[in-house]
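Each chain, written out:
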Amino acid sequence: MTHDTANAPNDLSAFWMPFTSNRQFKKNPRMFVSAEGMYYKTADGRDVMDGSAGLWCVNAGHKSPLIVEAIAKQAAELDYAPAFQMGHPKAFELATVLRDLAPDPMEHVFFTNSGSESVETALKIALAYHRARGEGTRTRLIGRERGYHGVNFGGISVGGIVNNRKFFGSLLTGVDHMPHTHMPEQNAFTRGQPEHGAYLADNLENIVTLHGAENIAAVIVEPIAGSTGVLIPPKGYLQKLRDICTKHGILLIFDEVITGFGRLGSNFAADHFGVMPDMITTAKGLTNGVIPMGAVLTTGAIHDAFMTGPEEAIELFHGYTYSGNPIACACGLECRFSGWLLGRRAAQSERVAACDRHPQRRSDRRGRARVHPGCPDQARF
Ligand SMILES: Cc1ncc(COP(=O)(O)O)c(C=O)c1O
């Protein structure tokens, strides 16, 4: 791409770009200067189709007028309010909407600002939950090879991507990894969930045998792994994980930062696969990528374990300056109508067909549960 210097910032050196070959980029920058619907506009005036919906987050397409309006209105009304010992109505409203949207066992919502923070929050809740119940020896966390759970220390510790881990020291201690489920020899060209591989969940039993269930707090997996290829779980695999966790009192966390909010045609992957975890981590589509926001959904049992002791005591020493930020909440509340890909199956299958006609937009031709990077549309359904 030739770069239009008239439209360019005069100095690219200060911004240390994330997950980017900085030197290469800055020699030949690829700049977007505006966006509309499913297209970006480049600095030299070309339209570029946003086939990946940003980083799997712009589910409703860019610059939805309803989202823009909701944000502007909120900014003019209440731009910020702290969430520690204070509140504002939209945070409670959005939490209730999320509770009602989530599968039944999920009853409470903890707001964060990103997928990485949702993961850290869920891992910390898991540890503190066991401690609150008098099972403080349960400190080990279990992830999976090829897993991506963001970039903070907990997330890279349970994550299974070597370059995200190997530069950063000893990470969290007490972490094990189950094998990944990518088995191209057996499952290549599968339509739907792969037939082979449910037995891989038995590896969790081996880890339990090695360490003792009384030392294990939680297992975290992406129901469909996203960042190392769209890896669809083999038939029966997730249920097996659920059964083993239940048997040993281990919490099961589904990282639905990508799969949440209708990406699989159901509200959450938990609904899609009919397997209920104890916590769900979310972000991305929650606010259409417009304002950073994440949320952890937990069962009533987890939440209630903290609600003991004197009423004036803080039950969980955790939270962020921007947890439940009013503008993010207003954005999420609007996204419920014009962002989350919910109740849109008919429209969606039409768009699925359209996507299938466009080879670059087929995210996984092996599986039925296609995680569409985005078939944006701005209509209210
Ligand atoms: C499954 C999963 N978890 C966590 C994250 C981290 O989210 P964020 O980049 O918002 O911190 C991602 C991001 O792609 C993800 O795909």
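Residues numbered from 1 in each chain as written. Predicted model: local features only at pLDDT ≥ 70, side-chain atom pairs only at ≥ 80, totals over all residues. Heavy atoms only, no water.

**Student:** In this structure, what is going on with unusual backbone geometry? I would like to understand it.
**Tutor:** The residue glutamine 85 is not glycine, and still its phi comes out positive at about 60°. With respect to the helices, strands and loops of the structure, glutamine 85 is situated in the loop between helix 3 (65–77) and helix 4 (89–101). With a phi close to 55°, leucine 171 is a non-glycine residue in the positive phi region. The residue leucine 171 is located in the loop between helix 7 (162–165) and strand 6 (175–178) in this model. (Helix = DSSP H or I, 4+ residues; strand = E, 2+ residues; numbered from the N terminus.)

**Student:** I tried to follow the nonpolar core on my own but got confused; where do I start?
**Tutor:** Side chains of nonpolar character tend, in soluble globular proteins, to be buried together. If you look at the biggest cluster of nonpolar residues, it comprises 55 residues, and the most contacted ones within it are Leu98, Met178, Val219 and Trp340. Residues within four places of leucine 98 in sequence aside, it is in contact with Val109, Phe111, Phe261, Leu286, Ala295, Leu297 and Trp340. Counting 19 residues, the second largest nonpolar core, distinct from the first, contains Leu141, Ala217, Met279 and Phe306. (Core = buried A, V, L, I, M, F, W, Y, C linked by side-chain atoms within 4.5 Å. Buried < 20%, exposed > 50% of the residue type's maximum accessible area, 1.4 Å probe, protein only. Contact = heavy atoms within 4.5 Å.)

**Student:** Before we go on, may I ask you to explain the pattern of salt bridges in this structure?
**Tutor:** Two side chains carrying opposite charge are able to pair once their charged atoms lie near each other. Tallying each qualifying case throughout the model produces 12 salt bridges. Residues glutamate 77 and lysine 90 are paired through a salt bridge, measuring 4.0 Å at the closest nitrogen-oxygen approach. A residue pair is termed long-range when its members are at least 10 positions apart, and glutamate 77 in helix 3 and lysine 90 in helix 4 qualify at 13 residues. Judged by its relative accessible area of 56%, glutamate 77 falls in the exposed class. A relative accessible area of 23% places lysine 90 in the partly exposed class. Between arginine 140 and aspartate 176 there is a salt bridge, with its nearest N and O atoms 3.1 Å apart. Of this pair, arginine 140 sits in strand 5 (residues 140–144) while aspartate 176 sits in strand 6; the two residues are 36 residues apart in sequence, bridging distant segments of the chain. What you see here is one network of salt bridges that share partners, running through Arg133, Glu135 and Arg138. (Salt bridge = Lys/Arg side-chain N within 4 Å of Asp/Glu carboxyl O.)

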